[in-house]
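So the chains spell out like this:
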Amino acid sequence: GAGVSQSPSNKVTEKGKDVELRCDPISGHTALYWYRQRLGQGLEFLIYFQGNSAPDKSGLPSDRFSAERTGESVSTLTIQRTQQEDSAVYLCASSKKGQGAYEQYFGPGTRLTVT
Amino acid sequence: SQKIEQNSEALNIQEGKTATLTCNYTNYSPAYLQWYRQDPGRGPVFLLLIRENEKEKRKERLKVTFDTTLKQSLFHITASQPADSATYLCAFRRRGGATNKLIFGTGTLLAVQP
C-alpha cells in the first residue's frame, strides 16, 4: 500500500519568505509527527497530532513554526519569515495510534534550503 | 534534559562479521527503545522495538538488548552484508505522558566492506 508521502521533495526559498510543507500519512493512521533533521544530526521532534486531541507542540522552535492537520489526514507545516538556520530536511511520520509502542512510518522528507 | 547518545564515529567492519552499535541514554527512563535504519536521502525505516521489561529482542539477523541498569541498548547485526551499510538511529519514548513523541540519537554510520 501507499506509504507516507511528502511534498515538495525539495524547496529553495529566500530568507524572509513563508513556506508550506505537506504530509499525507498512511490511511488509517491516527497519529502524525513532524521532525526536523539538520545535516549530520539526529531527528528533532517538532509537533505531534493524535486524533482530535490537542497537538503536542512542545518541539516547535519558535512562533514562526506552526502546523495543522485536517481530521486524520493531511498535515501542513508552515514556517513564516524563514531564516537560514531553518535549512534542514523536514520529515513527517505516522503511526497507527499515539499511545503505546507503535513504530513510526516516515516519509521521504522535504529538503528545505533557505538562501 | 533527556539525552540519547550514539557513537558519532562511523563503524567500519568486514562482511560476515557482527556489527555492534551502542545507544546510551541519560536523565530519563524509557518506556521502550526503537531502532531505525536510514539510507541517504530517505526517511528512517523501523527495525526493532524493545520494551523496558525486555532484555533482548531478535529479528532475523538483528538483535537488540536493553540494559536499564547501564542505561544502554546494543544493536547487533550478525553475518553483516554490504547492503547493511546505512545510518542506524536509536530512539526512545519516555515512560508516562500522553504523547508518543520519540527522542532520537544522532545515529551511527555503519559501513560493511566486501
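So, here's what we can say about the structure. Nothing here was measured: the structure is a model prediction, and the numbers come from that model. Throughout, a residue's number is its position along its own chain's written sequence, starting from 1. Both sets of labels track the order of writing: A upward for chains, 1 upward for ligands. Selection of residues for local features in this predicted model requires a pLDDT of at least 70, selection of side-chain atom pairs for listing and counting requires 80 or more, and totals for whole chains, interfaces and linings are taken over all residues. Here the side-chain values reflect all heavy atoms present in the structure, with hydrogen atoms and water set aside.

Focus: the overall build of chain A
Note on conventions: DSSP H or I runs of at least 4 residues are helices, E runs of at least 2 residues are strands, and numbering of each starts at the N terminus. Along the backbone of chain A there are 0 helices and 10 strands. Each helix and strand of chain A, ordered N terminal to C terminal, gives the series β-β-β-β-β-β-β-β-β-β. Taking 115 residues into account, the globule formula puts the C-alpha radius of gyration at 13 Å, and chain A, at 13 Å, falls close to it. Considering only C-alpha atoms, chain A reaches an extent of 40 × 30 × 25 Å along its principal axes. Counting only residues that meet the buried cut, chain A has 49% of its 115 residues in that class. Element-wise, carbon and sulfur atoms account for 45% of the exposed surface of chain A, whose accessible area totals about 5600 Å². Neither His nor the chain termini are counted; the positive set is Lys and Arg, and the negative set is Asp and Glu. Positions of charges follow a simple convention, taking NZ of Lys, CZ of Arg, CG of Asp or CD of Glu. Between the centroid of the 13 positive side chains of chain A and the centroid of its 12 negative side chains there is a distance of 2 Å. Between the two quantities, the radius of gyration covers C-alpha atoms and the globule rule is 2.2 Å times the number of residues to the power 0.38. Exposure is judged per residue with a 1.4 Å probe applied to protein chains only, and the accessible area is read against the type maximum: over 50% gives exposed, under 20% gives buried, and values in between give partly exposed. Per-residue and other accessible areas follow the Shrake-Rupley method at a 1.4 Å probe size, with only the shown protein chains counted as cover for residues.

Comments concerning the sheet that holds strand 3 (residues 19–26) of chain B
Residue and element names in this part refer to chain B. One bridge is not enough; two strands pair if DSSP finds at least two bridges between them. Taken in spatial order, the 5 strands make up an open sheet running 1-3-8-7-6, and their pairing is antiparallel. Edge positions in the sheet fall to strand 1 (3–6) and strand 6 (56–59), since each has one partner strand and no second. Averaged over neighbouring strand pairs, the angle between their axes works out to 15° when direction is ignored. Note on geometry: axes are C-alpha line fits, over the in-contact stretch for helices, and angles between N-to-C directions span 0 to 180 degrees.

Examining the state of the cysteines
Here, the word disulfide means a covalent bond between the sulfur atoms of two cysteines. Residues and elements named next belong to chain A. Whenever a pair of cysteine sulfur atoms sits within 2.5 Å, that pair is classed as a disulfide. If you walk through the whole model with that rule in mind, you get 2 disulfides over all chains. Bridging Cys-23 to Cys-92, the disulfide has an S-S length of 1.8 Å. Across the disulfide from Cys-23 to Cys-92, rotation about the S-S bond amounts to roughly -65°, and the bridge is consequently left-handed. Here the residue Cys-23 occupies a position in strand 3 (residues 19–24), and Cys-92 occupies one in strand 8 (residues 88–95), the gap between them amounting to 69 residues. In this structure Cys-23 comes out as buried when scored by relative accessible area, which is 0%.

A look at the nonpolar core
In a soluble, globular protein the nonpolar side chains are often hidden away together inside. Only buried Ala, Val, Leu, Ile, Met, Phe, Trp, Tyr and Cys residues count toward a nonpolar core, and they belong to the same one when joined by side-chain atoms within 4.5 Å. Core analysis: the biggest nonpolar cluster contains 23 residues, and Ile-4, Leu-33, Trp-35, Phe-75, Ile-77, Tyr-88 and Leu-110 of chain B have the highest contact counts within it. At the level of elements, strand 3, strand 4 (30–38), strand 5 (45–51), strand 7 (62–67), strand 8 (72–77), strand 9 (86–94) and strand 11 (108–113) of chain B are the ones that each hand at least two residues to this core.

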